[in-house]
Amino acid sequence: MTALLEVEDLKVAYGKIEAVKGISFSVEAGQIVTLIGTNGAGKTTTLRTLSGLLKPAAGHITFDGKPLGAVPAHKIVALGLAHSPEGRHIFPRLTITENLQLGAFLRTDKAGIEKDIQRAYELFPILGERRKQAAGTLSGGEQQMLAMGRALMSQPKLLMLDEPSMGLSPIMMQKIMQTIVELKAEGTTILLVEQNAQAALSLADQGHVMEIGKIVLSGSGDDLLHDESVRKAYLGED
Amino acid sequence: MNDLPQQLANGLLLGALYGLIAIGYTMVYGIVQLINFAHGEIFMIGGFGALTAFLILPTGTSLLIALPVMILMAMACSVLVAMGAERFAYRPLRGAPRLAPLITAIGLSIALQQAIWAFYPDAKKARPFPEFEGPRFDLGAFTIGRGDLFLLIAAPVCMIALGVFVSKTRTGRAMQATSQDPDTAKLMGINTDRIIVTAFAIGAAFAAIAAVAHGLRYGNVDFRMGFIAGLKAFTAAVLGGIGNIYGAMIGGLVLGLAEAMATAYIENIPGMSQLGGGAWKDVWAFVLLILVLLLRPQGLLGQRVADRA
């Protein structure tokens, strides 16, 4: 079986500065794959390139059998690749419902959209309670829920989550991680970028450790969690 | 003060005109954070488009019948020039430092003015614009010109239509999303390039309607008419809170009223007799702009940008 997402020798540069220096990895349908690493490792750059916001300098991206390199950003979501960006980026002056509707911008099945909005409210009841509220008035954790809910509204084949735990309280973070597990159980394929290596690795099937633009270590989530160098570098152990 | 109702009516009509033009500034700014200083010329070109349509129609055509053709022609000219400017002047500069498109806009403004001056027949001085014949409508406390009736109908219709478009339609929603966060709008599948062109086109169409109203009200079009009207409309947009379409209309009305009041009454204030009358009206308009920038820089309806958590 070929992978849902195949990244081969991807390079991305900002001007002359190469942020991603030739990485390769793949995501199989139904898996959670995580990219972990410190700030500036190139994780967010990788996701932004996959969703078309940045153009690759070299390499190949194949998603669901189609090459992505030259596809403009606004056409990528139609292929089944949804991106919940770092820093959440909800639309602050639109209501929660309107944000969710925008997640389904390219869909035309009104009844289906309505059903999926209700599903998002079941997944995150707080969003349902505040559906008429401007999204900018939500707390960070609630905004994260909205960003995830919005990304799911496109019925993606692959959901990319960039730092969903960033800036959240431990309780809120647990809730988000729990949701990721639930989504996986429903069959959603997830590419998860995290700085919180412990949380990410404990629920991932596959993990890749990135350091300054390169993948330095790959393995199953469990293996990496117990890898000595990972424990030293990312899990704060001596 | 017994001419107060008349002055209020003048101010509101003038303000509606400013407001219609201001929509173009505010929509474009709201989406690409560019002050399109060529927008005054987009307005002016609409005026010449309308005049051209009138001249092409057989002589003797009643103005009432000619008017729809003139409006369509004005809109076609303005929208075409605005879309061309976006495509060939501004889009290549997207992502460049903000000063670059701003200077481009000023250059474009001069180029468009000079193009009309050089190539439109007899446009080196103001050209007469058709007017509705007949006495002014007497509404008791005040009168309005026959041509002003067009403005009186067009301005509210345009504003309501725009409000419904932005809040109720799919494209309107996409427009709001693009103005709040363009990159994330792309992630939703929104073609932001198309949204930007749409914003330019709507602004230009409104400017074209304003140009027809301006011609009917003042009886002429002039290659320089976009300069001061553009500055006033820009002031109106800032006054109302740039980026906010309702703000643009309210800013226009406030500015129009302030200008009419200042023109009529400032000379009655003891010691200020030198500063009243029509010659000083632009001064008072820009004094108002300075006061707003000092006291409420976000404008009357603008919000402080504090919504990014």
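Residues numbered from 1 in each chain as written. Chains lettered and ligands numbered in written order. Predicted model: local features only at pLDDT ≥ 70, side-chain atom pairs only at ≥ 80, totals over all residues.

1. Regarding the overall build of chain B
The condition is simple: Only runs of H or I of at least four residues qualify as helices and only runs of E of at least two qualify as strands under DSSP, and these elements are numbered from the N terminus. Note on method: radius of gyration uses C-alpha positions; expected globular size equals 2.2 Å times residues raised to 0.38. With C-beta atoms placed from the backbone, a residue is buried if 20 or more other C-beta atoms are within 10 Å of its own, exposed if 12 or fewer are, and partly exposed between those counts. C-beta atoms are first placed from the backbone for all residues, and any pair lying within 7 Å is then listed as a contact.
What chain B contains, in helices and strands, is eleven helices and four strands. Computed over C-alpha atoms, the radius of gyration of chain B comes to 20 Å, within 12% of the 19 Å expected from 2.2 N^0.38 for 309 residues, which places it in the range of a compact globule. In terms of its C-alpha atoms, chain B occupies a principal-axis envelope of roughly 55 × 55 × 35 Å. Here chain B holds 309 residues, and 47% of them are scored as buried. Expressed as a percentage of contacts within chain B between residues at least 6 apart in sequence, the contacts between residues at least 24 apart total 75%.

2. A short note on the UniProt feature "transmembrane region" (unreviewed entry) in chain B
All names here are of chain B. Which entries qualify depends on this criterion: UniProt positions are given in the numbering used here, feature names are shortened, and annotations may be inferred rather than shown by experiment.
With numbering matched to this structure, UniProt assigns "transmembrane region" (unreviewed entry) to residues 12-32, 39-57, 63-85, 97-120, 149-166 and 195-217. Overall, residues 149-166 shows 100% helix and 0% strand. The separation of its end C-alpha atoms is 26 Å. Between the C-alpha atoms that bound residues 195-217 there is a distance of 33 Å. The span itself is 100% helix and 0% strand.

3. Let's talk about the packing of helix H5 (residues 148-168) of chain B against helix H8 (residues 192-218) of chain B
All names here are of chain B. The test is simple: Axis definition: a line fitted to C-alpha atoms, limited for helices to the stretch in contact. Angles are taken between N-to-C directions and run from 0 to 180 degrees. Each angle receives one of four descriptions, namely roughly parallel if under 35 degrees, roughly antiparallel if over 145, roughly perpendicular if within 65 to 115, and oblique otherwise. By definition, turning the near helix anticlockwise from the far helix through less than a right angle yields a left-handed crossing, and turning it clockwise yields a right-handed one. Here the term charged refers only to Asp, Glu, Lys and Arg, the term nonpolar to Ala, Val, Leu, Ile, Met, Phe, Trp, Tyr, Cys and Pro, and the term polar to all other amino acids, Gly among them.
Packing of H5 against H8 leaves a shortest axis separation of 9 Å and a crossing angle of 165°. Between H5 and H8, the angle is such that the two are roughly antiparallel. In the crossing of H5 with H8, the sense of the turn from one axis to the other is left-handed. Taking contact as the criterion, the partners of Asp148, Phe150, Leu151, Ala154 and Cys158 in H5 are, on H8, Phe206, Ile209, Val212, Ala213, Leu216 and Arg217. Its residues placed into classes, the contact of H5 with H8 shows nine nonpolar, no polar and two charged.

4. Some points on the pairing of strand S3 (residues 32-36) of chain A
All names here are of chain A. Selection rule: Each pair of strands is called paired provided DSSP finds at least two bridges between the two strands.
Burial analysis of S3 places five of its five residues in the buried class, which makes it a mostly covered element. Across the two faces of S3 the burial is the same, with Ile32, Thr34 and Ile36 and Val33 and Leu35 all buried. Across five bridges, the pairing between S3 and strand S8 (residues 189-194) is parallel. Directly across from Val33, in S8, lies its bridge partner Leu191. Inspection of the sheet shows S3 paired to strand S9 (residues 206-211) by four bridges, in the parallel sense. Pairing of Leu35 across the sheet is with His208, part of S9.

5. Describing the sheet that holds S9(A)
All names here are of chain A. If you walk across this open sheet you meet the six strands as S6-S7-S8-S3-S9-S10, and the pairing is mixed. Each end of this open sheet is capped by a strand with a single partner; those strands are strand S6 (81-84) and strand S10 (214-220). Averaged over all neighbouring strand pairs, the angle between strand axes comes to 15°, with direction disregarded. In terms of strand pairing, S9 meets S10 through six bridges, oriented antiparallel. Across the sheet, His208 pairs through a bridge with Ser218, a residue of S10. Helix H6 (residues 140-152) rests against S6 and strand S7 (158-162) of the sheet, and its axis sits at about 170° to S6. The strands touched by helix H7 (residues 170-185) within the sheet are S3 and S8, with S8 carrying the most contacts at an inclination of about 155°.

6. Quick word on the interface of chain A and chain B
With 21 residues of chain A at the interface, the matching set in chain B holds 18 residues. Where the side of chain A that touches chain B is concerned, the elements lending two or more residues are helix H2 (73-76), helix H3 (96-103) and H6 of chain A. Element by element, the count of residues in the side of chain A that touches chain B is highest for H3(A), at three residues. Per-class residue counts for the side of chain A that touches chain B are eleven nonpolar, eight polar and two charged.

7. Describing the packing of H3(A) against H6(A)
All names here are of chain A. Two elements in contact, H3 and H6, have axes whose closest approach is 7 Å; the angle formed by their N-to-C orientations is 35°. Viewed along their axes, H3 and H6 form a crossing whose handedness is right-handed. On the side of H3, the interface is formed by Ile96, Asn99, Leu100, Leu102 and Gly103, while H6 contributes Leu146, Gly149, Arg150 and Ala151. Looking at the contact of H3 with H6 residue by residue, the class counts come to five nonpolar, three polar and one charged.

8. Some thoughts on the sheet that holds strand S1 (residues 5-14) of chain A
Residues and elements named next belong to chain A. The four strands are arranged S2-S1-S4-S5 in an open sheet whose pairing can be described as antiparallel. Edge positions in the open sheet fall to strand S2 (17-27) and strand S5 (66-67), since each of these has one partner strand only. Here strand S4 (residues 58-63) runs beside S5; their pairing, made up of two bridges, is antiparallel. Following the sheet pairing, Phe63 is matched in S5 by Lys66.

9. Focus on the environment of B:Gly251
Residues and elements named next belong to chain B. Examined against the element boundaries, Gly251 turns out to sit in helix H10 (residues 245-265). Judged by the 34 C-beta atoms lying within 10 Å of it, Gly251 is buried. As a C-alpha pair, Gly251 and Gly240 span eleven residues in sequence and 4.1 Å in three-dimensional space.

10. Focus on the environment of A:Gln178
Residues and elements named next belong to chain A. Within the secondary structure, Gln178 is located in helix H7. On the basis of neighbour count, Gln178 is assigned to the exposed category, with 11 C-beta atoms found within 10 Å. Expressed as a C-alpha distance, the spacing of Gln178 and Lys21, which sit 157 residues apart in the sequence, is 33 Å.

11. A look at unusual backbone geometry
All names here are of chain A. Located in the positive-phi region is Asp64, a residue other than glycine, with phi close to 55°. Following the sequence through the fold, Asp64 ends up in the loop between S4 and S5. Classification of Asp64 by C-beta neighbours within 10 Å gives partly exposed; the count is 16. Phi at His89 is positive, roughly 45°, even though this residue is not glycine.

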